[in-house]
Amino acid sequence: MSSASEGRAAAVGGRDRDQEGRARNARPRDGLGRPLPYGEPGVARQPEGVVRRPEESVTEAQALLDAGKPFHAHEVFEDAWKSGPEQERGLWRGLAQLAVGLTHAARGNVTGGVRLLRRGAGAVEEWAAVEERTQPYGLDLAGIVGWARDLAAEVERDAGAVDAVARAPRLSGRGADD
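Computed from a predicted model, the values in this text were never measured in an experiment.

A.B. asks: Just to check I follow, could you spell out the overall build of the protein for this structure?
C.D. replies: In terms of helices and strands, the protein carries five helices and two strands. Listing each helix as α and each strand as β along the protein from the N terminus yields β-β-α-α-α-α-α. When contacts within the protein are restricted to residue pairs at least 6 apart in sequence, long-range pairs at least 24 apart make up 56% of them. Carbon and sulfur atoms make up 48% of the accessible area of the protein, which totals about 9100 Å².

A.B. asks: I would appreciate a short explanation of the pattern of salt bridges in the present structure.
C.D. replies: Any two side chains of opposite charge can pair if their charged atoms end up close together. Counted by the stated rule, this structure contains 11 salt bridges. Between glutamate 78 and lysine 82 there is a salt bridge, and its shortest N-O distance comes to 3.6 Å. Of the two residues, glutamate 78 and lysine 82 are both situated in helix H2 (residues 70-83); the distance of four residues between them amounts to about one turn of the helix. Owing to a relative accessible area of 22%, glutamate 78 belongs among the partly exposed residues under this scheme. Residue class for lysine 82 comes out exposed when judged on its relative accessible area of 56%. Ionic pairing is found between glutamate 154 and arginine 167, a salt bridge with its closest N-O pair at 3.2 Å. Here glutamate 154 is found in helix H5 (residues 141-158), whereas its partner arginine 167 is found in the segment after H5, with 13 residues between them in sequence. Residue classification places glutamate 154 among the partly exposed residues on the basis of a relative accessible area of 21%.

A.B. asks: Would you explain H5 in this entry?
C.D. replies: Residues spaced three or four apart along an α-helix point in a common direction, a consequence of the helix completing one turn every 3.6 residues. With 18 residues, H5 extends 25 Å from end C-alpha to end C-alpha; this agrees with the ideal 26 Å at 1.5 Å per step. Considered for burial, the residues of H5 that qualify are Leu141, Gly143, Ile144, Val145, Trp147, Ala148, Leu151, Ala152 and Val155. On its buried side, H5 packs onto helix H3 (89-107) and helix H4 (110-129). Of the residues flanking the end of H5, it is alanine 159, one or two places downstream, whose phi is positive at about 50°.

A.B. asks: Got a minute to help me understand the nonpolar core in this structure?
C.D. replies: In terms of nonpolar packing, the biggest core is built from 34 residues, with Phe77, Leu95, Leu98, Leu139, Leu141 and Leu171 touching the most fellow members. Among the elements of the structure, helix H1 (54-66), H2, H3, H4 and H5 are those that each provide at least two residues to this core. Those residues in contact with leucine 171 that lie beyond four places of it in its chain are Val58, Ala61, Gln62, Leu65, Phe77, Gly138, Leu139, Asp140 and Ile144.

A.B. asks: Is there a simple way to think about the environment of glutamine 97 in this case?
C.D. replies: Tracing the backbone shows glutamine 97 in helix H3. Look at glutamine 97 and you get buried, because its relative accessible area is 16%. Along the primary structure glutamine 97 and leucine 116 are separated by 19 residues, whereas in three dimensions their C-alpha atoms are 5.6 Å apart. In this view, glutamine 97 contacts Leu116, Arg119, Gly120 and Ala123; residues no more than four positions away in its chain are not counted.

A.B. asks: I'm lost on the packing of H4 against H5 in this one. Help?
C.D. replies: Helix-helix packing is described using two parameters, namely the angle between the two axes and the distance between the axes. Where H4 meets H5, the closest approach of the two axes is 9 Å, and the angle between their N-to-C directions is 160°. Relative to H5, H4 is oriented roughly antiparallel. Viewed along their axes, H4 and H5 form a crossing whose handedness is left-handed. Here H4 contributes Val110, Val114, Leu117, Arg118, Ala121, Gly122, Val124, Glu125, Trp127 and Ala128 to the contact with H5, which in turn contributes Leu141, Val145, Trp147, Ala148, Arg149, Leu151, Ala152, Ala153, Val155 and Glu156. Across the contact of H4 with H5, the residue classes break down as 15 nonpolar, one polar and four charged.

Parameters at a glance
Residues numbered from 1 in each chain as written. Predicted model: local features only at pLDDT ≥ 70, side-chain atom pairs only at ≥ 80, totals over all residues. Heavy atoms only, no water. Helix = DSSP H or I, 4+ residues; strand = E, 2+ residues; numbered from the N terminus. Contact = heavy atoms within 4.5 Å. Areas by Shrake-Rupley, 256 points an atom, 1.4 Å probe, with all protein chains shown as cover. Salt bridge = Lys/Arg side-chain N within 4 Å of Asp/Glu carboxyl O. Buried < 20%, exposed > 50% of the residue type's maximum accessible area, 1.4 Å probe, protein only. Expected span 1.5 Å × (residues − 1). Core = buried A, V, L, I, M, F, W, Y, C linked by side-chain atoms within 4.5 Å. Axes fitted to C-alpha atoms, helices over the stretch in contact; angles between N-to-C directions. Parallel < 35°, antiparallel > 145°, perpendicular 65-115°, else oblique. Left-handed = near helix turned anticlockwise from the far one by under 90°. Nonpolar A, V, L, I, M, F, W, Y, C, P; charged D, E, K, R; others polar.

Here you go:
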């Protein structure tokens, strides 16, 4: 077990497992979540299963996006999706998909990036259409959807990796690109 795994997983029967025996990859990761060889220094992982208030999830995810860590932001959104109320799962799942879409786009995976950016934009837009929800927890849903669609079109057109920091969305405030 490498020190980067922080005791969270150990090789059992040739596979990394957590303390409950579930499969977990203990390899260190880079800032975009790509696995590095065992023993290499990596970026600290986002803890899983953290229950946060929705506003805390937005703040934490924005900080990670601003730091060029959309993969880690997706984990924050995934925690909110799994721990939040049923009626909000579509929102958090859509935001997680957008963060993964940015991750793929930053890694140069054009197909995956475009697909997840568009899927996430659709999910967020669909969730917002119910009762015309536009700014839950300070989120600028229209701006986020516009950012995702614009980025998907850019990635599809240019067919190259994007800079995760430069293309990170603004989750709240005046708009996704402001």
